[in-house]
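Take a look at the letters that make up each chain.
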Amino acid sequence: MNKLLAECGFDDAVEAACRPYYDACGGRDSIAPGVYFRMLFIGYFEAIDSQRGIAWRCADSLSLREFLGVKLTERTPDHSTLSKTRDRLPIEVHELAFRLVLAAAAERGLLKGKTLGVDSTTLEADAAMRSIVRKGSGEDWKAYVKRLMQEAGQIEEGDEPSDEDLRRFDKRRKNKKVSNTEWESPTDPDARTAKLKNGRTRLAYKAEHALDLETEPIVAAEVYHADHSDSQTLADTAMAARTHLAEAGHEEVFREVVADKGYHAAGQLELAQSLGLRTYVPEPNRRHRLRWNNKPIELKEAIYANRRRTKTEKNSKLQRLRSERVERSFAHVCDTGGARRTRLRGIEKVRKRTLIVAAAHNLAILMRRLLGAGKPKALAAILDQLALALPLLIRLIETRKSTGC
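Caption draft 1: Summary view of empty space enclosed by the protein. Within this structure, the stated rule accounts for three cavities of 30 Å³ or more. Here the largest cavity defines a volume of roughly 110 Å³. Looking at the largest cavity, it is lined by 14 residues, and the ones nearest its centre are L40, Q51, R86, L344 and R353. Within the residue set of the lining of the largest cavity, elements represented by two or more residues are α3 (33–45), α4 (51–60) and α14 (347–371). For the lining of the largest cavity, the element with the most residues is α14, which contributes four residues. Along the lines of polarity and charge, the residues of the lining of the largest cavity split into six nonpolar, three polar and five charged. Estimates place the volume of the second largest cavity at around 90 Å³. Taken together, L123, A207, H209, V333, C334, A339, R341, T342, V350, R353 and T354 form the lining of the second largest cavity. Secondary-structure elements contributing two or more residues to the lining of the second largest cavity are β5 (201–212), α13 (313–335) and α14.

Okay, structure coming up:
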């Protein structure tokens with residue numbers, strides 16, 4: 001991997017971009033930009049979600065020290081250095097690192113750039129639901145329910161109800177909702193209340209991947225607030241993918257975008273059509289026919305053109321590819337890559353980490369093309385299988401030689 005990064009000029013490019021953000025006048029020893037990004041790559045390959053875990057793993061492993069270029073007599077960077085470096089470097093530098101890996105993938109024929117698959121998932125935020133407070137007043141749950149009990153006349157001012165009384169009253173009251181317009185987390189105001197994939201209600205972010213459907217590299221990894229629905233973000237993610245591909249030097253511009261029915265919205269389809277994109281987004285079932293009175297003709301044309309495309313055999317094939325390959329990227333990045341729950345607070349920091357984890361995923365695809373294995377554990381499994389098969393192969397060769405075959 002170091003050889004691959006050297007061939008694409010990774011270290012020189014990120015060091016040139018990071019130079020304005022490093023102070024040459026004293027202070028604690030800084031971490032080289034190439035080492036910083038490599039440590040984040042290790043978080044993906046070793047499925048470590050915290051910076052403390054990454055720092056400990058790098059200090060403990062001789063092979064990772066060699067990967068980072070750290071001698072045995074030197075200390076590896078600690079977690080606080082990782083945090084300070086991430087805060088110091090802007091999102092543009094992380095986007096550059098992501099695009100450098102994309103450029104390496106394009107040079108090796110891993111980017112076709114014709115059809116884009118888009119889907120989203122939720123990332124659990126580093127904030128607890130029990131810590132949320134009311135916007136404006138700053139009341140926590142207990143203070144809020146106590147005030148409601150006073151307004152309902154169940155307790156007098158100055159009374160202190162027990163936790164059981166608060167729970168009993170809260171359970172009986174009607175129209176009970178935890179709205180993002182009324183509640184927020186004091187530790188992470190950017191996090192939003194959302195339902196995760198496992199059905200739990202937690203504070204979260206929304207991560208959205210755009211993949212080259214033919215070869216599977218991630219060409220855009222966006223993070224939005226969790227209360228942003230899929231029908232609001234399709235065009236933004238598609239434009240981010242187009243920008244990344246253009247900056248990576250890929251000449252082919254994709255023309256097709258495939259998504260599920262959650263992305264179906266007249267405004268987004270019309271915007272995508274104005275950008276020269278053909279959408280393949282299934283239309284959700286409706287009780288009534290669409291009415292086009294007092295609406296722009298462009299919306300109607302975009303809806304009907306998308307409807308015609310979704311009734312073709314090509315759409316069925318593209319939807320199968322999307323459900324298989326985009327979901328697989330989330331499995332690699334979030335489940336086996338340690339990024340399902342973020343240990344960072346603030347949407348800007350979460351975006352930086354998501355971009356680098358996506359870049360590491362693309363590096364894994366490149367390594368799979370070169371070595372047949374995308375992660376160290378997969379390579380170790382292949383080597384173990386070869387070690388088991390080698391004695392059998394030697395015995396077979398000796399048998400054939402002895403029999404004259």
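Caption draft 2: Quick look at the pattern of salt bridges. One pass over the full model with this rule turns up 29 salt bridges. Two residues, R147 and E139, come together in a salt bridge whose shortest N-O distance is 3.0 Å.

Caption draft 3: Structural view of the nonpolar core. Counting residues in hydrophobic clusters, the biggest one holds 103 residues, and the most contacted among them are F10, F37, F41 and L116. At 13 residues, the largest contribution of residues to this core is made by α14. Here L116 is in contact with A210, L211, L213, V219, A238, A241, F254, E256, V257 and V258, once residues within four sequence places are set aside.

Caption draft 4: Region of the structure containing the layout of surface pockets. Taken as a whole, the largest pocket holds about 480 Å³ of empty space. Residue lining of the largest pocket: 18 residues in total, with M1, F45, L64, F67 and P376 positioned closest to the centre. Per-element tally for the lining of the largest pocket: the top contributor is helix α5 (residues 62–68), with four residues. Here the residues of the lining of the largest pocket sort into ten nonpolar, four polar and four charged.

Caption draft 5: Region of the structure containing the state of the cysteines. One pass over the full model with this rule turns up zero disulfides. Free cysteine: C58, not disulfide-bonded; nearest cysteine sulfur from C18 at 18 Å. With relative accessibility at 0%, the residue C58 sits in the buried group.

Caption draft 6: A look at the pairing of strand β4 (residues 192–195). Pairing geometry for β4 and β5, over four bridges, is antiparallel. Pairing of T193 across the sheet is with L203, part of β5. Taking the residues between adjacent antiparallel strands as the criterion, β4 and β5 are bridged by five residues, where G199 takes a positive phi near 95°.

Caption draft 7: Structural detail: the packing of α3 against α4. With their axes 10 Å apart at the nearest point, α3 and α4 run at an angle of 100° to one another. As the angle between them shows, α3 and α4 are arranged roughly perpendicular. Only I54, A55 and C58 of α4 make contact with α3, whose side of the interface consists of M39, I42 and G43. For the contact of α3 with α4, the class distribution of residues is five nonpolar, one polar and no charged.

Caption draft 8: Structural context of α4. Residues of α4 that are buried include every one of Q51, G53, I54, A55 and C58, and no others. Looking at the buried side of α4, the elements it contacts are α3, α5 and α6 (79–88).

Caption draft 9: Summary view of the packing of aromatic side chains. Per the counting criterion, the structure on display carries six aromatic pairs. Residues F10 and F41 carry aromatic rings whose centres are separated by 6.1 Å and whose planes lie at 50° to one another, so their mutual orientation is tilted. With a gap of 31 residues between them, F10 in helix α2 (residues 10–18) and F41 in helix α3 connect regions that are remote in the sequence. The exposure classification of F10 matches that of F41, with both residues buried. The rings of F10, Y36, F37 and F41 are connected pair by pair, giving a single aromatic cluster. The aromatic ring of F67 is capped on one face by R38, whose charged end is 5.8 Å from the ring centroid.

Caption draft 10: Representation of the packing of α3 against α14. Following both chains from N to C, one finds α3 and α14 inclined at 70°, their axes separated by 9 Å at the closest point. One way to sum up the angle between α3 and α14 is to call them roughly perpendicular. Note on element contacts: α14 touches α3 through I356, V357, A359, A360, H361, L363 and A364, opposite F37, L40, F41, Y44 and F45. Broken down by class, the residue content of the contact of α3 with α14 amounts to eleven nonpolar, one polar and no charged.

The rules behind these values
- Residues numbered from 1 in each chain as written.
- Predicted model: local features only at pLDDT ≥ 70, side-chain atom pairs only at ≥ 80, totals over all residues.
- Heavy atoms only, no water.
- 1 Å grid on protein atoms, 1.4 Å probe; cavity = no way out; pocket = protein on both sides within 12 Å on 5 of 7 lines; lining within 4 Å.
- Points joined across faces, edges and corners; volume = space filled by probe spheres on them.
- Helix = DSSP H or I, 4+ residues; strand = E, 2+ residues; numbered from the N terminus.
- Nonpolar A, V, L, I, M, F, W, Y, C, P; charged D, E, K, R; others polar.
- Salt bridge = Lys/Arg side-chain N within 4 Å of Asp/Glu carboxyl O.
- Core = buried A, V, L, I, M, F, W, Y, C linked by side-chain atoms within 4.5 Å.
- Buried < 20%, exposed > 50% of the residue type's maximum accessible area, 1.4 Å probe, protein only.
- Contact = heavy atoms within 4.5 Å.
- Disulfide = S-S within 2.5 Å.
- Pairing = 2+ DSSP bridges.
- Axes fitted to C-alpha atoms, helices over the stretch in contact; angles between N-to-C directions.
- Parallel < 35°, antiparallel > 145°, perpendicular 65-115°, else oblique.
- Phe/Tyr/Trp six-rings, centres within 6.5 Å; stacked < 30°, edge-to-face > 60°.
- Lys NZ or Arg CZ within 6 Å of the ring centre and 35° of its normal.

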